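Geometric and topological summary
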Amino acid sequence: MGDVTLTVCTTCRRADVDPDATRPGSILLEALKETGVPEGVNIRGVECLSACKRGCSMVLSGGDKRWTYVYGDLDPNEHVDDILAGAAAYAATEDGLVPWRERPVIFRKQSIARIPPVDAPSQE
């Protein structure tokens, strides 16, 4: 099925966070790494996903055949286990489409965008 990449914005911060403190996006990235990323999932941090009003934000992607998802409003103190469970479920699919009820609530409620795979048929 190919590897999945979980990309976390390291510059994300929420309005309720001290601007001089460590960015919550960086905290989220480290918490995910420390907890243990599921098999088949690679994790990386990047500067700015341009979802600043929805920070912390992340992307789940997995090759040319899977849908890509952008998630926001994530909290490094509350959502690490749900993110890892959702990433594992996503990695277990061929197309990135995890059945609705099998997705963690944060993946159902906090999706910013769903991007079709390169090979998705066009509806012209």
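The structure reproduced in this document is the subject of the present report. Predicted model only: the values in this text are computed from it and were never measured.

A few points about the overall build of the chain
Counting its regular elements, the chain contains three helices and five strands. The N-to-C order of helical and strand elements in the chain reads β-α-β-β-β-α-α-β. The C-alpha radius of gyration of the chain comes to 14 Å, within 12% of the 14 Å expected for a compact globule of 124 residues. A total of 124 residues make up the chain; the buried ones form 41% of that total. Residue pairs at least 24 apart in sequence account for 69% of intrachain contacts in the chain once pairs closer than 6 positions are excluded. Just so you have it, the chain exposes about 7200 Å², and 46% of that area is on carbon and sulfur atoms.

Points about the nonpolar core
By size, the foremost hydrophobic cluster in this structure holds 26 residues, and its most contacted members are Leu6, Leu28, Leu32, Met58, Leu60, Leu74 and Ile83. If you list the elements that add at least two residues to this core, you get β1 (4–9), α1 (24–35), β3 (58–61), β4 (68–71), α2 (80–91) and α3 (105–109). Sort the elements by how many residues they give to this core and α2 lands first, with six residues. Apart from residues lying up to four places away in sequence, methionine 58 is in contact with Leu6, Thr7, Val8, Leu49, Tyr69, Val70, Tyr71, Leu74, Ile83 and Phe107.

Quick word on empty space enclosed by the protein
Scanning the entire structure with this criterion turns up one cavity of 30 Å³ or more. Taken as a whole, the largest cavity spans an internal volume of roughly 80 Å³. Residue contributions to the lining of the largest cavity peak at three residues, all from α2. Residues belonging to the lining of the largest cavity are distributed by class as follows: seven nonpolar, two polar and one charged.

A look at the packing of aromatic side chains
For the coordinates displayed, the defined rule picks out three aromatic pairs. Seen in terms of ring centroids, tyrosine 69 and tyrosine 71 are 5.9 Å apart; in terms of plane orientation they differ by 10°. Their pairing is stacked. No difference in accessibility class separates tyrosine 69 from tyrosine 71, as the two residues are buried. For the pair tyrosine 69 and tyrosine 90, a centre-to-centre distance of 6.2 Å together with 85° between the ring planes defines the contact as edge-to-face. You can see tyrosine 69 sitting in strand β4 and its partner tyrosine 90 sitting in helix α2, a full 21 residues away along the chain. Of the aromatic side chains, those joined through ring pairs into one cluster are Tyr69, Tyr71, Tyr90 and Phe107. The ring of tyrosine 90 has arginine 66 lying over it, and the distance from NZ or CZ to the ring centre is 5.6 Å. Sitting above the plane of the tryptophan 67 ring, arginine 114 keeps its charged end 3.9 Å from the centroid.

Conventions we followed
- Residues numbered from 1 in each chain as written.
- Predicted model: local features only at pLDDT ≥ 70, side-chain atom pairs only at ≥ 80, totals over all residues.
- Heavy atoms only, no water.
- Helix = DSSP H or I, 4+ residues; strand = E, 2+ residues; numbered from the N terminus.
- Rg over C-alpha atoms; globule rule 2.2 N^0.38 Å.
- Buried < 20%, exposed > 50% of the residue type's maximum accessible area, 1.4 Å probe, protein only.
- Contact = heavy atoms within 4.5 Å.
- Areas by Shrake-Rupley, 256 points an atom, 1.4 Å probe, with all protein chains shown as cover.
- Core = buried A, V, L, I, M, F, W, Y, C linked by side-chain atoms within 4.5 Å.
- 1 Å grid on protein atoms, 1.4 Å probe; cavity = no way out; pocket = protein on both sides within 12 Å on 5 of 7 lines; lining within 4 Å.
- Points joined across faces, edges and corners; volume = space filled by probe spheres on them.
- Nonpolar A, V, L, I, M, F, W, Y, C, P; charged D, E, K, R; others polar.
- Phe/Tyr/Trp six-rings, centres within 6.5 Å; stacked < 30°, edge-to-face > 60°.
- Lys NZ or Arg CZ within 6 Å of the ring centre and 35° of its normal.

These figures come from the coordinates and say nothing about function on their own.
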